[in-house]
Amino acid sequence: MGIEFNKETFRDDYTFKNSPAAVRRFPFPFPEDDYMYSVNMEPHVPGRKGSVFEHTFDVDEHYLAEMRDRELVLKSDPLRCQSLPHMTLAGWDLLELIMESKARDYPHWFELHKSGDRWTWINRPMEIEQSFTFLKDDTLPYGPLEYITRQTQGDFTLQDQRDNTLYIDAGTVTTQADWSLDFDVGMAFHEWHAPVPLAHNMGVFDRALKFLLKLQLGSPVRRFNWTMTVDPLLDTSPENYPKWGPSKTTLTMDTIGKRQHLRVELQTLHRLPRSNAIAFPIRAYLASFDDIVTMPKWGRRLHRVVRDVHPDLATYKGFIRNRDLMVQWLSQYDDGKPTSPGWWPEPE
Amino acid sequence: MSAGAQRLDVTVAEVVDVNPLIKRFRFVRTGGGALPTFSGGSHIVVDMDDAGTRRLNPYSLMSDPGQTDSYMISVRRDDNGRGGSLYMHRSVRPGMQMQIGWPVNLFPSDLRAKKHLMIAGGIGITPFLAQMAQLDRIGGRFELHYAARNRTLGAYMDELQTRYGARVQTYLDEEGQAMDLKGLLTSQPFGTHLYVCGPKPMIGWVLDTARTLGWPEGALHSEEFLAPPVGQPFEVELARSGKTIRVGAAQSLLEALEAAGVDAPYLCRGGACGQCETDVCEADGTFEHNDHWLSDAEKASGRKIMPCVSRFRGARLVIDR
Ligand code: HEM
Ligand code: FES
């Protein structure tokens, strides 16, 4: 409750850091010592107190800094937020879902007052008080999707369901792991997943899509994805690759602990009530290797996962070039002892 | 990861005789509060305890999706059916507590449409009532063509014409009023989507005509819930749970699974959604595939069955449940 929001940056001088409490609640994504793609989905029900699953939408110490970073990205590239005309209703659905969840879960920070369709939204951390008419586009300073995602951590895409597939027809995407909304917008589920190695042949996408087409109102699900990022840069976009790609060539044994970050995405999927669309929030968490190894179990396990992961995955995720260096550095924290199942820092 | 059938506790607030065949039921949340918002075209599954027999029937939500203080459904009595509609008509009274599933939409409006052209037959009107209320609120363009045997059975005709004026056209069979379907389908603006819900022959007629006239497949939408047909009793071995069950004449395979305490997935219970799809391990006999889900090739393969509506005749059936 008494969280102080960090004053920090995700660019230039990179002052981003995790408090010890933030490290303890970091969603370490490996329940076992090895990793391969799977249809890893589970119900998105409230989890352990203090964990990133405690609430539908997690608000943490990085909130204000992430929102400032999003503002900068959107200013330099407005196409990071797009919504095809038929997705406006889904944008309102998302706005309602987020406002209601945050007002319920964080009443000291957020309030939502409704009098019929006249709503007032209070966001104390961002010092916003906004009255508007629900479903009336011109009563907000931006479209509903852009309005609410400028105030919510994580990227968001909205999928329209038709012809037995999902189309990525809207989104706000500024903290992505090397993919582009502007490129993917309007694509179908199998098209936008085309670049992913191995998973297609394993049937992962066929099964995932089949499940999602039946996703039910009131029964959201969640899954993890992960990758590696040098320096705590949120906006690793293909558009900006020349700015961040070369940083991978400058890692050394002395700097890797501080500069190499494990990037974890907590992805949730929600059926939306009015539009029947699916919302896909993608919330990115960053932890430096130095942060990770403060938890002995995580240090051991990350070493084993990085060492053994399929080279096609390491290539796709963009860290094959530094894999040996990572393994060398991480091996200092792996004494070969067994690890307990599950990803909580201590045995369950 | 099965699509858990979450349920809502509701109380029957009102039962209205709409005409000699149709009753309307209004549900409110037991203990008060709003029900979940839904989209036009959604249905709910109503859980009935019919003197010890559990019946789960899907009904389209007809109330305005913008009103979440209550849900409304209309139920047409089917005197030759398996009993669900008779139970609703005879036994459900105001004040009764029941359970329903969360709304599921298998018949959504395509919001890209420049215009929504809706064709309803009889009780097939119900999903359109909710769709029109929703489209009206968000400024969508729509037109309804609604056919019924006579004015008494054309529930909601007057009400709809009062509310939506020329956007609603009605046709009474007994008065010889026929829909000029071809004329209708050839005079629509580019970007129109077609929706049809009603008796099976009507759905076939509308879709076939549209296809013949060159309508793109992606612009055609239909909804038909099949009632599980009655048939001969049959036995099924369940490979995973190691049980053998008997499916009664008036029971569906899905219901027999549930009665045996086997957790089987479902959403529509009417052969439309695909959720109950089950692998067949062994079969010596003939399938009665009644669903709209499996492709003809899948049906012919004998490797899949949809337990909500399909049956089997023969010496032996083993399924993966
Ligand atoms: C409907 C919401 C979803 C959206 C919008 C989405 C979007 C994406 C995008 C844009 C990528 C990057 C592709 C590229 O390289 O350009 C990706 C990767 C991937 N997606 Fe999805 N996805 C969704 C759901 C799922 C689900 C339900 C699964 C479940 C198995 C899944 C599994 C994956 C995997 C395994 C990758 C590769 C990730 C990596 O190795 O870093 N996605 N997804
Ligand atoms: S439950 Fe929908 S097809 Fe069987």
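Residues numbered from 1 in each chain as written. Chains lettered and ligands numbered in written order. Predicted model: local features only at pLDDT ≥ 70, side-chain atom pairs only at ≥ 80, totals over all residues. Heavy atoms only, no water.

Asks: What should I look at first to understand the overall build of chain B in this one?
Replies: The helix and strand tally for chain B stands at 7 helices and 17 strands. For chain B, the C-alpha radius of gyration of 20 Å lies close to 20 Å, the compact-globule estimate for 321 residues. Considered along the principal axes of its C-alpha atoms, chain B spans approximately 60 × 50 × 40 Å. The buried share of chain B, reckoned over its 321 residues, is 54%. Contacts in chain B between residues far apart in sequence, at least 24 positions, make up 66% of those at least 6 positions apart. Across chain B, 35 positive and 37 negative side-chain charges occur, with their mean positions spaced 2 Å apart. (Helix = DSSP H or I, 4+ residues; strand = E, 2+ residues; numbered from the N terminus. Rg over C-alpha atoms; globule rule 2.2 N^0.38 Å. Buried < 20%, exposed > 50% of the residue type's maximum accessible area, 1.4 Å probe, protein only. Contact = heavy atoms within 4.5 Å. Lys, Arg positive; Asp, Glu negative; His and termini not counted. Charge placed at Lys NZ, Arg CZ, Asp CG, Glu CD.)

Asks: Explain the coordination of the iron atom of ligand 1 here, please?
Replies: For the iron atom of ligand 1, the protein supplies a single donor, His193 of chain A (NE2), at a distance of 2.0 Å. Along the chain, the position of His193 of chain A falls in the loop between helix 6 (189–192) and helix 7 (204–213). (Donors = N, O, S within 2.8 Å, 3.2 Å for Na, K, Ca; no water.)

Asks: What is the right way to read the packing of aromatic side chains from this model?
Replies: When we look at a pair of aromatic rings, we describe it by the centre distance and by the angle of the planes. Residues and elements named next belong to chain A. All chains considered together, the criterion is met by 34 aromatic pairs over all chains. A centroid spacing of 5.4 Å and a plane angle of 75° characterise the contact between Trp92 and Phe134, whose relative ring orientation is edge-to-face. Placement of Trp92 in helix 3 (residues 88–105) and of Phe134 in the loop between strand 5 (128–133) and helix 4 (144–149) is noted, with a sequence separation of 42 residues between them. For the residue pair Trp92 and Phe134, the accessibility class agrees, reading buried in each case. (Phe/Tyr/Trp six-rings, centres within 6.5 Å; stacked < 30°, edge-to-face > 60°.)

Asks: I keep staring at the site of ligand 1 and nothing clicks. Help me out?
Replies: Residue and element names in this part refer to chain A. Taken together, 24 residues surround ligand 1, and among them Tyr37, Trp192, His193, Tyr316 and Lys317 come closest. Between ligand 1 and the protein, one listed contact pairs an oxygen atom with a side-chain N or O atom of Asn225 at 3.2 Å. Between an oxygen atom of ligand 1 and a side-chain N or O atom of Lys317, the distance comes to 2.8 Å. Mapped by element, the contributors of at least two residues to the shell around ligand 1 are strand 6 (155–162), helix 6, helix 7 and strand 8 (221–230). The leading source of residues in the shell around ligand 1 is helix 7, at 4 residues. (Near = heavy atom within 4 Å. Polar contact = N/O pair within 3.5 Å; in protein donor to acceptor, adjacent residues only side chain to side chain.)

Asks: It is not clear to me how helix 3 (residues 157–164) of chain B should be interpreted in this structure. Could you clarify?
Replies: The periodicity of an α-helix, 3.6 residues per turn, causes residues three or four positions apart to be oriented the same way. Residues and elements named next belong to chain B. Along helix 3, the positions that sit buried rather than exposed are Met157, Leu160 and Tyr164. What you see down the axis of helix 3 is that its buried residues fit within an arc of 65°, all on one side. Facing away from the buried side of helix 3 by more than 90 degrees, the exposed set consists of Glu159 and Thr162. Residues of helix 3 that are buried make contact with helix 2 (126–137), strand 9 (142–148) and strand 10 (168–172). (Arc of directions from axis to C-beta.)

Asks: When you look at helix 5 (residues 200–212) of chain B in this model, what are you seeing that I'm missing?
Replies: Residue and element names in this part refer to chain B. For helix 5, which comprises 13 residues, the first-to-last C-alpha distance of 18 Å matches the rise-based estimate of 18 Å (1.5 Å per residue) to within 8%. What helix 5 keeps buried is the set Met202, Ile203, Val206, Leu207, Thr209 and Ala210. Down the axis of helix 5, the buried side of the element spans an arc of 160°, and every buried residue falls inside it. Of the exposed residues in helix 5, those oriented more than 90 degrees away from the buried face are Lys200, Pro201 and Thr212. Packed against the buried residues of helix 5 are strand 8 (115–121), strand 9, helix 4 (181–186), strand 11 (192–197) and strand 12 (220–223). (Expected span 1.5 Å × (residues − 1).)

Asks: How should I be thinking about the sheet that holds strand 5 of chain A in this particular structure?
Replies: Residue and element names in this part refer to chain A. Here 3 strands make up an open sheet; going across it, the order is 3-4-5 and the pairing antiparallel. The sheet is open, and its two borders are formed by strand 3 (110–115) and strand 5, each paired with just one other strand. Between one strand and the next, the sheet's axes are offset by a mean angle of 10°, whatever the strand orientation. Looking at chain direction, strand 4 (residues 118–123) and strand 5 are connected through 6 bridges and run antiparallel. (Pairing = 2+ DSSP bridges. Axes fitted to C-alpha atoms, helices over the stretch in contact; angles between N-to-C directions.)

Asks: Sorry, what's going on with the nonpolar core here?
Replies: Note on soluble globular proteins: their nonpolar side chains tend to be buried together. With 62 residues, the main nonpolar core has Phe26, Phe28, Met228, Leu262 and Leu302 of chain A as its most contacted residues. Sort the elements by how many residues they give to this core and helix 7 of chain A lands first, with 7 residues. (Core = buried A, V, L, I, M, F, W, Y, C linked by side-chain atoms within 4.5 Å.)

Asks: Would you take a moment to explain the environment of Thr157 of chain A for this structure?
Replies: Residues and elements named next belong to chain A. Turning to its location among the elements, Thr157 is positioned in strand 6. Between the C-alpha atom of Thr157 and that of Tyr167, which follows or precedes it by 10 residues, the distance is 9.9 Å. Leave out the neighbours within four places in its chain, and Thr157 touches Ile168, Ala170, Gly171, Val173, Trp179, Ile278, Ala279 and Phe280. Of the polar contacts made by the side chain of Thr157, one reaches the side chain of Gln159; its length is 2.8 Å.

Asks: Mind showing me how you'd approach the interface of chain A and chain B here?
Replies: Residue-level contacts link 19 residues of chain A with 25 residues of chain B. Counting each side, the surface lost to burial between chain A and chain B is near 2,000 Å², with a carbon and sulfur contribution of 58%. Ranking the residues of chain A by area buried against chain B places Lys214, Gln216 and Leu217 of chain A at the top, with a combined share of 31%. Inspection of the chain A/chain B interface yields 1 salt bridge. One salt bridge connects Glu277 of chain B with Lys210 of chain A, and the closest N-O pair in it is separated by 3.4 Å. One can count 4 residue pairs in polar contact (both at pLDDT 80 or more) joining chain A with chain B. For the side of chain A that touches chain B, a count of residues per class yields 7 nonpolar, 7 polar and 5 charged. (Buried area = accessible area lost by both parts, 1.4 Å probe. Salt bridge = Lys/Arg side-chain N within 4 Å of Asp/Glu carboxyl O. Nonpolar A, V, L, I, M, F, W, Y, C, P; charged D, E, K, R; others polar.)

Asks: Got a minute to help me understand the pattern of salt bridges in this structure?
Replies: Side chains that differ in charge, positive against negative, can pair when their charged atoms come close. Residue and element names in this part refer to chain A. In the structure shown here, the tally under the stated rule is 47 salt bridges over all chains. The salt bridge partner of Asp33 is Arg304, with a shortest N-O separation of 2.9 Å. Here Asp33, found in the loop between helix 1 (20–24) and strand 1 (42–43), pairs with Arg304, found in helix 11 (residues 296–308); they are 271 residues apart in sequence, far enough to count as distant. What makes Arg304 buried here is its relative accessible area of 8%. One salt bridge in this structure joins Asp58 and Arg283, with 3.9 Å as the shortest N-O distance. Residue Asp58 is found in the loop between strand 1 and helix 2 (63–76), and its partner Arg283 is found in strand 10 (residues 278–288); the two are separated by 225 residues along the sequence. For Arg283, a relative accessible area of 7% corresponds to the buried category. What you see here is one network of salt bridges that share partners, running through Arg25, Asp58, Asp60 and Arg283.

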